[in-house]
Amino acid sequence: MDAELLSAEFHRRFGHAPLLVRAPGRINLIGEHTDYNLGFVLPGAIDRAIYFAIACNHQQEARLIAYDDQQDTLIIPVSSVTAGEKQWANYLLGVIAQFQQRGILVPGFDCIFGGDIPLGAGLSSSAALCCGFAFALNHLLDSGLDELTLAKMAQSAEHTYAGVRTGLMDQFASLFGKAGHVVRLDCRSLDYDYYPFDTAACNIVLCNSGVKHSLASTEYNTRRRECEQGVDVLKRHYTEVSSLRDVTLAQLDAQLEHLGPVIYKRCKYVVEENHRVEAASQALNESDLTTVGQLMFASHAGLRDEYEVSCCELDVLVEAARHLPGVFGARMMGGGFGGCTINLVTPEHVPAFERGLSTGTRPITGNISHGSGRWRFTCRSRFNCLDIEQCQTPPASLPLPNNRTVATIRC
């Protein structure tokens, strides 16, 4: 999928040229499940993206076409936007509702979208979908909304129409990405700083577990409720606590009996993960990739043992990576229960990493069918509107077992 293909399809269907928008997916170097706990995250935008072709149609209905889903189509009056059975459409309808709730008149329009972000791989395709659509409508309608407002609208659309209570990290990363950098976001104040990440010195390699997760049907929302329960308990004893961002490990230990073992583990992971994000940011400023890698391994251990959102396939991939040459660090990335691992690998060791990970995981999960191969892609800046940047053409397929799709990100 690319912008030219989408534009040609739009012109074929509707007979005129559309507005084109590109919305990037994201990786998250470290800081998982901390965003909705008002902590710190360290994501970066990538050049895998969702593309939109959109234009007003001078009617009273929206015609939405999911190009990658066999061109599934929804036609709905813009005056009666409600969630329905098509889950992909609910994300877009939620965005329309956000504009309407702000008193912005949304006229009839046509929209075709598609992209090359692997679904369910932890690369935030849903955030790119909502953010890109919000960005497109904002430009199309000349609404004048700033990017932070669009990010919050996209988040609210996921909450209200898709039923997924995401934090703000995914939307922020898609809208505020900067080439050659990751961005540390303070999810309480929304202050942010960019940190250099030179992938000429260290490649970010993503490895797909082959397990497709769905946040709405997993325990993502349960984890969020457990953290809220922990905050409620801690507030009774420490008046300064308003989120897990304010909690110390000593306070957690002191209230173990009141928290109970499960809530204690959830809270402990979040507190420690915030510390890891701050330490990783400092290490990046000092070009200390060894420390960043060790923090990533520690993050995965916490996600596996304390937050309990990993799965066997992800654990296997991280442990296999740990023992390969040239690997600084690895961890699961995303909401959990599937998706990708993110690995820091020296460029000269990437080919051996791909081979070693393939053969190293075969005996454990060899019953899963072979996957489609690898691709390479690039960290990008924020959205492109009208001036579409094309993704690089994927190289020849490298068969990997167990649905392992490996991607090397180059800034």
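Higher on the page you've got the structure.
The shown structure was predicted, so the numbers you read here are calculated from the model rather than taken from an experiment.

**Focus: the overall build of the protein**
Phase 1: Along the backbone of the protein there are twelve helices and 14 strands.
Phase 2: For the protein, the residues scored as buried account for 59% of the 411 residues in total.
Phase 3: For the protein, the accessible surface area stands at approximately 15,700 Å², while carbon and sulfur atoms represent 50% of it.

**Focus on the sheet that holds strand β7 (residues 181–186)**
Phase 1: Reading across the sheet, the three strands line up as β2-β7-β8 and stay open at both edges, with antiparallel pairing between neighbours. Only two strands of the sheet have a single neighbouring strand rather than two, namely β2 (40–41) and β8 (192–196).
Phase 2: Against the sheet, helix α9 (residues 261–285) makes contact with β2, β7 and β8, and its axis sits at roughly 50° relative to β8, the strand it touches most.

**A closer look at the pattern of salt bridges**
Phase 1: A full pass over the atoms with the stated rule returns 20 salt bridges.
Phase 2: Between arginine 48 and aspartate 116 there is a salt bridge, with the nearest N and O atoms lying 3.8 Å from each other. In this pair, arginine 48 is assigned in strand β3 (residues 43–56) and aspartate 116 in the loop between β6 (109–115) and α3 (125–141), connecting sequence segments 68 residues apart.
Phase 3: Judged by relative accessible area, which is 9%, arginine 48 ranks as buried.
Phase 4: Of the charged contacts in the structure, one is a salt bridge between glutamate 273 and arginine 276, with a shortest N-O distance of 2.7 Å. Here arginine 276 and glutamate 273 lie together in helix α9, a separation of three residues that amounts to about one turn. When sorted by exposure, glutamate 273 lands in the same class as arginine 276, which is buried.
Phase 5: One salt-bridge network, in which partners are shared between bridges, spans Arg223, Glu226, Lys265, Arg266 and Glu308.

**Observations concerning the packing of aromatic side chains**
Phase 1: Enumeration according to the criterion identifies eleven aromatic pairs in this entry.
Phase 2: Seen from their ring centres, phenylalanine 172 and tyrosine 192 are 5.2 Å apart, and the 65° between their planes marks the pair as edge-to-face. One end of the pair, phenylalanine 172, is in helix α5 (residues 169–176); the other, tyrosine 192, is in strand β8, and 20 residues separate them in sequence.
Phase 3: Relative accessible area serves as the criterion here: at 1%, phenylalanine 172 is assigned to the buried category.
Phase 4: Here tyrosine 192 falls in the partly exposed class, since its relative accessible area comes to 33%.
Phase 5: Residues tyrosine 192 and tyrosine 194 carry aromatic rings whose centres are separated by 5.7 Å and whose planes lie at 85° to one another, so their mutual orientation is edge-to-face.
Phase 6: The exposure class of tyrosine 194 is partly exposed, given its relative accessible area of 25%.

**What to know about unusual backbone geometry**
Phase 1: Even without glycine at this site, histidine 33 takes up a positive phi of about 65°.
Phase 2: Looking at the element boundaries, histidine 33 is found in the loop between β1 (19–28) and β2.
Phase 3: Phi at glutamine 70 takes a positive value of approximately 55°, unusual for a residue other than glycine.
Phase 4: By the element assignment, glutamine 70 lies in the loop between β4 (61–66) and β5 (72–77).
Phase 5: Glutamine 70 sits in the exposed class, given a relative accessible area of 77%.

**Things to note about the side chain of serine 299**
Phase 1: Mapped onto the elements, serine 299 comes out in helix α10 (residues 289–305).
Phase 2: Discounting residues that sit within four places of it in the chain, serine 299 has contacts with Ile30, Tyr269, Glu273, Arg276 and Arg331.

**Some remarks on helix α6 (residues 220–235)**
Phase 1: With 16 residues, α6 should cover 22 Å at 1.5 Å per step; its first-to-last C-alpha distance of 23 Å lies within 8% of that length.
Phase 2: Among the residues of α6, Tyr220, Asn221, Arg223, Arg224, Glu226, Cys227, Gly230, Val231, Val233 and Leu234 are the ones counted as buried.
Phase 3: Each element contacted by the buried residues of α6 is listed here: α4 (147–162), α7 (249–254), α8 (256–259) and α9.

**As for α5**
Phase 1: Across the eight residues that make up α5, a large majority, eight, are buried.
Phase 2: Considered for burial, the residues of α5 that qualify are Met169, Asp170, Gln171, Phe172, Ala173, Ser174, Leu175 and Phe176.

**Looking at the pairing of β7**
Phase 1: Among the six residues in β7, five count as buried, and that is most of the element.
Phase 2: Bridge analysis of β2 against β7 gives two bridges, and the strand direction is antiparallel. Its bridge partner lying in β7, phenylalanine 40 is registered against aspartate 186.
Phase 3: Two elements, β7 and β8, share five bridges in a ladder whose sense is antiparallel. Looking at β8, one finds that valine 183 is bridged to tyrosine 194.
Phase 4: Turn length for the β7-β8 hairpin, with the two strands adjacent in sequence and antiparallel, is five residues, and the turn residue leucine 190 shows positive phi of about 65°.

**What to know about the packing of α9 against α10**
Phase 1: Running from N to C, α9 and α10 cross one another at 170°; their axes reach a closest spacing of 9 Å. Comparing the axis directions of α9 and α10 gives the class roughly antiparallel. Judged by the sense of rotation from one axis to the other, the crossing of α9 with α10 is left-handed. On α10, the residues touching Lys265, Tyr269, Glu273, Arg276, Ala279, Ala280, Ala283 and Leu284 of α9 are Leu289, Thr291, Val292, Leu295, Ala298, Ser299, Gly302, Leu303 and Asp305.

Conventions and cut-offs
Residues numbered from 1 in each chain as written. Predicted model: local features only at pLDDT ≥ 70, side-chain atom pairs only at ≥ 80, totals over all residues. Heavy atoms only, no water. Helix = DSSP H or I, 4+ residues; strand = E, 2+ residues; numbered from the N terminus. Buried < 20%, exposed > 50% of the residue type's maximum accessible area, 1.4 Å probe, protein only. Areas by Shrake-Rupley, 256 points an atom, 1.4 Å probe, with all protein chains shown as cover. Pairing = 2+ DSSP bridges. Contact = heavy atoms within 4.5 Å. Axes fitted to C-alpha atoms, helices over the stretch in contact; angles between N-to-C directions. Salt bridge = Lys/Arg side-chain N within 4 Å of Asp/Glu carboxyl O. Phe/Tyr/Trp six-rings, centres within 6.5 Å; stacked < 30°, edge-to-face > 60°. Expected span 1.5 Å × (residues − 1). Parallel < 35°, antiparallel > 145°, perpendicular 65-115°, else oblique. Left-handed = near helix turned anticlockwise from the far one by under 90°.

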